[in-house]
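The chain contents come next:
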Amino acid sequence: MPFPPEAWWGWAAPLQRLVEAGGAVLVGIMLVAALLFALTLERWWYFRVTWRAERRALLRRWSARRDHASWSARTLREAWSRELVARLRRPLPWMKLLVALCPLFGLLGTVTGMIVVFDGLALSETHQARAMADGVARATLPTLAGMAVAVAGLLATTRLEVIIRRERQRLHDRLARAVEERGDERDA
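The structure contained in this document is the topic of the report that follows.

1. Topic: the packing of aromatic side chains
Overall, the coordinates contain one aromatic pair when judged by the stated rule. Here Trp 62 and Trp 80 contribute two aromatic rings whose centre-to-centre distance is 6.5 Å and whose plane-to-plane angle is 90°, an arrangement assigned as edge-to-face. Residue Trp 62 is found in helix H3 (residues 24-64), and its partner Trp 80 is found in helix H4 (residues 71-89); the two are separated by 18 residues along the sequence. In this pair, the class of Trp 62 matches that of Trp 80, namely buried. Above the face of the Tyr 46 ring, Arg 43 is positioned so that its terminal group lies 4.2 Å from the ring centre. One Lys or Arg, Arg 52, reaches over the ring of Phe 47 and ends 5.4 Å from the middle of that ring.

Below you can see the structure in the form of structure tokens.
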């Protein structure tokens, strides 16, 4: 028996309630979070698959060279390794920008939520404390969401920076070791 249409979108009901509780700015925070998550997954995939293949290709290309000791060879090695590390670092500025935008979106949600609260209080004849408390809770939800996404994004970008530093050092070590191994092969 096929599922009724409500069952297909049943997972979206809590998400819809969250957006209603937090306002339109929460949708922007969710989009930023999705983009940040996508960039993080892309970097993970790049590091696990593409980076290793490119690093091996660079090591083979460097080992195949005859000259390793001259100034031009060392400069070429540095340029090749810098170019490869730059590819690993490519989305990092965008990720940092998205992390910085999250608290600002949260603040925007708080300000717009408070404007709605005060506007509602001004229009109502009975200044109910309960209505104001609900409005303040609604206004602080985007701040909480923005800060949570920013913290998660900050952890991801910091981890990526650590990985980049480690891999850059490993690349330099492996390039130096490739020259040493080749020199040992010639001596034997």
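2. Let's talk about helix H5 (residues 92-123)
Under the 1.5 Å per step criterion, the end-to-end length of H5 is 47 Å for 32 residues, consistent within 8% with the ideal 46 Å. Of the residues making up H5, those classed as buried are Leu 92, Met 95, Leu 98, Val 99, Cys 102, Gly 106, Gly 109, Thr 110, Gly 113, Val 117 and Leu 121.

3. With respect to the nonpolar core
Trp 51 and Leu 171 are the most contacted members of the largest nonpolar core, which has 30 residues in total. Listed by contribution, the elements that provide at least two residues to this core are H3, H4, H5 and helix H6 (129-187). Looking at this core, the element that brings in the most residues is H3, giving 12 residues. When neighbours within four sequence positions are excluded, Trp 51 is seen to be in contact with Tyr 46, Leu 84, Val 85, Leu 88, Glu 167 and Leu 171.

Cut-offs applied
- One numbering rule holds for all chains: residues counted from 1, following each sequence as written.
- Local features in a predicted model are, by the rule used here, given only for residues with pLDDT of at least 70; side-chain atom pairs are given and counted only at 80 or more, and totals for whole chains, interfaces and linings are based on all residues.
- To obtain the side-chain values, all non-hydrogen atoms of the structure were used and water was disregarded.
- Only centres within 6.5 Å qualify two rings of Phe, Tyr or Trp (six-membered ring in Trp) as a pair; their planes then separate them into stacked at under 30 degrees, edge-to-face at over 60, and tilted for everything else.
- Secondary structure follows DSSP: runs of H or I at least 4 residues long count as helices, runs of E at least 2 residues long count as strands, and numbering of each begins at the N terminus.
- Think of it in three bands: with a 1.4 Å probe and only protein chains considered, a residue is buried below 20% of the maximum accessible area for its type, exposed above 50%, and partly exposed in between.
- Whether a charge sits over a ring depends on NZ of Lys or CZ of Arg being within 6 Å of the ring centre and within 35 degrees of the ring normal.
- The span expected for a helix works out to 1.5 Å for each residue beyond the first.
- Residues belong to one nonpolar core when they are buried, are Ala, Val, Leu, Ile, Met, Phe, Trp, Tyr or Cys, and are joined through side-chain atoms within 4.5 Å.
- Here a residue-residue contact requires only that any non-hydrogen atoms of the pair lie within 4.5 Å.

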